[in-house]
Structure formats: structure tokens, C-alpha cells
Amino acid sequence: MEITLDHLCPGMGASVVRIDTKEVLRRRLKDFGFVPGTYVHCCYRSPHADVSAISFRGSVLALRSRDLARITGRL
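Predicted model only: the values in this text are computed from it and were never measured.

Visitor: Can you help me understand the sheet that holds strand E3 (residues 39–45) in this one?
Guide: Strand pairs in the sheet, formed through backbone hydrogen bonds, run parallel or antiparallel to each other. Spatially, the six strands line up as an open sheet ordered E1-E6-E2-E3-E4-E5, and their pairing is antiparallel. Each end of this open sheet is capped by a strand with a single partner; those strands are strand E1 (2–4) and strand E5 (59–64). The average angle at which neighbouring strand axes cross in this sheet is 45°, direction not considered. Both strand E2 (residues 13–19) and strand E6 (residues 71–74) contribute to a ladder of four bridges, which runs antiparallel. Residue pairing across strands places Val16 opposite Gly73, the latter belonging to E6. Contacting E2, strand E4 (51–56), E5 and E6, helix H1 (residues 23–32) crosses the sheet at an angle of about 165° to E5.

Visitor: Would you mind going over the pairing of E5 with me for this structure?
Guide: Along a regular strand, successive side chains alternate from one face of the sheet to the other. For E4 and E5, the ladder comprises six bridges, and the chain directions are antiparallel. Counterpart to Ser55 in the pairing with E5 is Val60.

Visitor: Would you mind showing me how to read the pattern of salt bridges here?
Guide: Between side chains of opposite charge, a pair can form when the charged atoms approach closely. Tallying each qualifying case throughout the model produces four salt bridges. As a salt-bridge pair, Glu2 and Arg74 come within 2.8 Å of each other at their nearest N and O atoms. With Glu2 in strand E1 and Arg74 in strand E6, this residue pair connects regions lying 72 residues apart in the sequence. Residue Arg74 is classed as partly exposed on the basis of its relative accessible area of 43%. Put simply, Glu23, Arg26 and Arg27 are held in one network by salt bridges that share partners.

Visitor: Can you help me understand unusual backbone geometry in this one?
Guide: The general pattern is negative phi for most residues beyond glycine and trans for most peptide bonds. The residue Arg57 is not glycine, and still its phi comes out positive at about 45°. Looking at the secondary structure, you find Arg57 in the loop between E4 and E5.

Visitor: In this structure, what is going on with the pairing of E4? I would like to understand it.
Guide: Along E4, five of the six residues are buried, which leaves the element largely enclosed by surrounding structure. Across four bridges, the pairing between E3 and E4 is antiparallel. Following the sheet pairing, Arg45 is matched in E4 by Ser52. Where E3 folds back on E4, the antiparallel hairpin that results is connected by five residues, among which Ala49 adopts a positive phi of roughly 60°. In this antiparallel pair of consecutive strands, E4 and E5, the connection spans two residues, and Arg57 shows a positive phi of 45°.

Analysis parameters
- Residues numbered from 1 in each chain as written.
- Predicted model: local features only at pLDDT ≥ 70, side-chain atom pairs only at ≥ 80, totals over all residues.
- Heavy atoms only, no water.
- Pairing = 2+ DSSP bridges.
- Helix = DSSP H or I, 4+ residues; strand = E, 2+ residues; numbered from the N terminus.
- Axes fitted to C-alpha atoms, helices over the stretch in contact; angles between N-to-C directions.
- Contact = heavy atoms within 4.5 Å.
- Salt bridge = Lys/Arg side-chain N within 4 Å of Asp/Glu carboxyl O.
- Buried < 20%, exposed > 50% of the residue type's maximum accessible area, 1.4 Å probe, protein only.

Nothing here speaks to function; it is all geometry.
So this is what it looks like as C-alpha cells:
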């Protein structure tokens, strides 16, 4: 089942399938190793769900929901 990563709740994880963000963000994520096939895990979600902390490959990034909505993952 595929979902956008903004729907991940803390404790859930998914494998990245597609990244449709702006080129600048896509390049930054790629530099961190956030590429299709990477398994990501949601560690934290802010109370208003506008920011989530996503862990992958030993790193943790805080990303806005509007950016996570452009990234598709497979549960």
C-alpha cells in the first residue's frame, strides 16, 4: 500500500518510492541518502501535525508536512 509520508504517525515506517519535491529539497535529501528504496521511520509529529521528525540511515530530519506530502512511500 502506498501513502504519502505526511500520513505517517509516530512509530510507523515506510520505504520511499517517489520524491516529487522541489529540486533544491530533492538534492538536499539525496545528499543525506534519502532516496527511493530508503526505509524511513516517523519518530515524532508536532501537535498540529505541521512538522514531523523522520529517521533513516542513522539520521533524523524534521520536515514540513507540505514537503512530506510530495514524497510517496510503501508500507
